[in-house]
Amino acid sequence: MLLTSAELDLARQEPAPAAAKLNRVDLKTSAATRTRTLTLLAQAQDAQNLPETDQTYRDAITGATTEEPRARYAAYLIRQGREDEARALLDALAKTEKKASGLYRRQEREWFQMAAGLRKELK
């Protein structure tokens, strides 16, 4: 319930209440909950220009159950002017996509497409 409520806060451009809710989520529940929570928290922190955004994205990537945190982190890096780091991350995403099963590629299509768009943006 906290995750859904935080997502709604972010959609309403209200990152502070979203972050407050996300900080209450038990990250030990499951890897999927941890990934989703930390990814949303990083987005909320980014919207507030908080310095911990970078580390939160890195934490979300560790043990991630989806490609979303890597794709969103790459976008964040580009916005921060850290294009070389973003390029390396996007290259790793491309390798993952190339090696992935058809099912995984379909499940992660949104994030692979986002990464492809970001790679084009960097050229």
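Below or above, wherever it landed, is the structure these notes cover.

1. Details of helix α3 (residues 31-47)
Taking 1.5 Å per residue as the helical rise, α3 with its 17 residues ought to reach 24 Å, and the 24 Å between its terminal C-alpha atoms agrees with that figure. Along α3, the positions that sit buried rather than exposed are Thr33, Thr35, Thr37, Leu38, Thr39, Leu40, Leu41, Ala42, Ala44, Gln45 and Asp46. The secondary structure elements touched by the buried residues of α3 are α1 (2-11), α2 (15-22), α4 (53-61) and α5 (68-79). Just past α3, the residue asparagine 49 takes up positive phi, approximately 55 degrees.

2. A look at the packing of helix α6 (residues 83-99) against helix α8 (residues 109-122)
Close contact between α6 and α8 brings their axes to 10 Å; oriented N to C, the two are set at 140 degrees. Classified by the interaxial angle, the pair formed by α6 and α8 is oblique. Between α6 and α8 lies a crossing of left-handed hand. Side by side, α6 and α8 meet where Glu83, Ala86, Arg87, Leu90, Asp91, Leu93, Ala94, Thr96 and Glu97 of the first sit next to Phe112, Ala115, Leu118, Arg119 and Leu122 of the second. For the contact of α6 with α8, the residue count by class is 8 nonpolar, 1 polar and 5 charged.

3. With respect to the pattern of salt bridges
For the structure on display, the rule yields 13 salt bridges. Between lysine 21 and aspartate 9 there is a salt bridge, with the nearest N and O atoms lying 2.6 Å from each other. Within this pair, whereas lysine 21 is found in helix α2, its partner aspartate 9 is found in helix α1, the two being separated by 12 residues in sequence. For the salt bridge of glutamate 68 with arginine 36, the shortest nitrogen-to-oxygen distance reads 2.8 Å. Highlighted residues: glutamate 68 in helix α5 and arginine 36 in helix α3, separated in sequence by 32 residues. Residue classification places arginine 36 among the partly exposed residues on the basis of a relative accessible area of 24%. One salt-bridge network, held together by shared partners, links Glu7, Arg36, Glu68 and Arg72.

Rules behind the numbers
- Residues numbered from 1 in each chain as written.
- Predicted model: local features only at pLDDT ≥ 70, side-chain atom pairs only at ≥ 80, totals over all residues.
- Heavy atoms only, no water.
- Helix = DSSP H or I, 4+ residues; strand = E, 2+ residues; numbered from the N terminus.
- Expected span 1.5 Å × (residues − 1).
- Buried < 20%, exposed > 50% of the residue type's maximum accessible area, 1.4 Å probe, protein only.
- Contact = heavy atoms within 4.5 Å.
- Axes fitted to C-alpha atoms, helices over the stretch in contact; angles between N-to-C directions.
- Parallel < 35°, antiparallel > 145°, perpendicular 65-115°, else oblique.
- Left-handed = near helix turned anticlockwise from the far one by under 90°.
- Nonpolar A, V, L, I, M, F, W, Y, C, P; charged D, E, K, R; others polar.
- Salt bridge = Lys/Arg side-chain N within 4 Å of Asp/Glu carboxyl O.

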